[in-house]
Amino acid sequence: MIGLKGTLNVIDNSGALLVECVNVLKNKVNNGWGSVGDEIICVVKHARPISSGAQTVSNVLKVRRGDVRRAVIVRCKKPVRRPDGRWVRFDDNAAVLLNNKREMLGSRIGGVVSADLRMKGWGKIVSLAPKVV
């Protein structure tokens, strides 16, 4: 469950490393808490440094520290119950950054994502992930 001021690791190659949640974008069913597959508004707290040689390549780093972006939660520490009765939880909270059209900002994903994303309409993220749990 991710809420206000919750921090998440970024597992794509957009350039951000750590983001902080400032709003959960969904209907007010769960009182402002987000879980796997929910869209959030976040602020980039830590990003990869921009080197002088990387200025020529356009898609190396797409974000800077302080940028306000949309993201989707792909891993959550809070245990989630699957329909078959299993409980699934991860070691950390993680997200993938999006643009305003709900498309991924990066072109790769570097970590495990939850299988619940496919049911919530994020099949593109699931297909790019190296492992789905």
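Before reading further, recall that the structure is shown in the block above.
The following paragraphs examine the structure supplied in this document. None of the values given here were measured: they were computed from a predicted structure.

Our focus in this paragraph is the sheet that holds strand β2 (residues 16-25). Read around the closed barrel, the 5 strands follow the order β1-β2-β3-β4-β7; overall the barrel is mixed. Taken pair by pair, the neighbouring strands of this sheet meet at an average axis angle of 55°, ignoring direction. Of the strand pairs in this sheet, β2 and strand β3 (residues 39-47) are connected by 8 bridges, and their pairing is antiparallel. For L18, the partnering residue across the bridge sits in β3 and is H46.

In this structure, R75 sits in strand β4 (residues 68-75). Using a relative accessible area of 10% as the deciding quantity, one classes R75 as buried. Looking at R75, its side chain comes within polar contact range of the side chain of D92, at 2.9 Å. There is a polar contact of 2.8 Å between the side chain of R75 and the backbone oxygen of V112. Leaving out residues up to four positions away in the same chain, R75 has contacts with I11, V36, F90, D92, N93, A94, G111, V112 and V113.

Attention shifts here to the state of the cysteines. Counted under the stated rule, the structure contains 0 disulfides. C42 carries a free sulfur, and the closest cysteine sulfur to it, the one in C21, is 7.4 Å from it. For C42, a relative accessible area of 0% gives the class buried. No disulfide involves C76; its sulfur sits 11 Å from that of C21, the nearest cysteine. A relative accessible area of 1% means that C76 is categorised as buried.

Criteria and thresholds
Residues numbered from 1 in each chain as written. Predicted model: local features only at pLDDT ≥ 70, side-chain atom pairs only at ≥ 80, totals over all residues. Heavy atoms only, no water. Pairing = 2+ DSSP bridges. Helix = DSSP H or I, 4+ residues; strand = E, 2+ residues; numbered from the N terminus. Axes fitted to C-alpha atoms, helices over the stretch in contact; angles between N-to-C directions. Buried < 20%, exposed > 50% of the residue type's maximum accessible area, 1.4 Å probe, protein only. Polar contact = N/O pair within 3.5 Å; in protein donor to acceptor, adjacent residues only side chain to side chain. Contact = heavy atoms within 4.5 Å. Disulfide = S-S within 2.5 Å.

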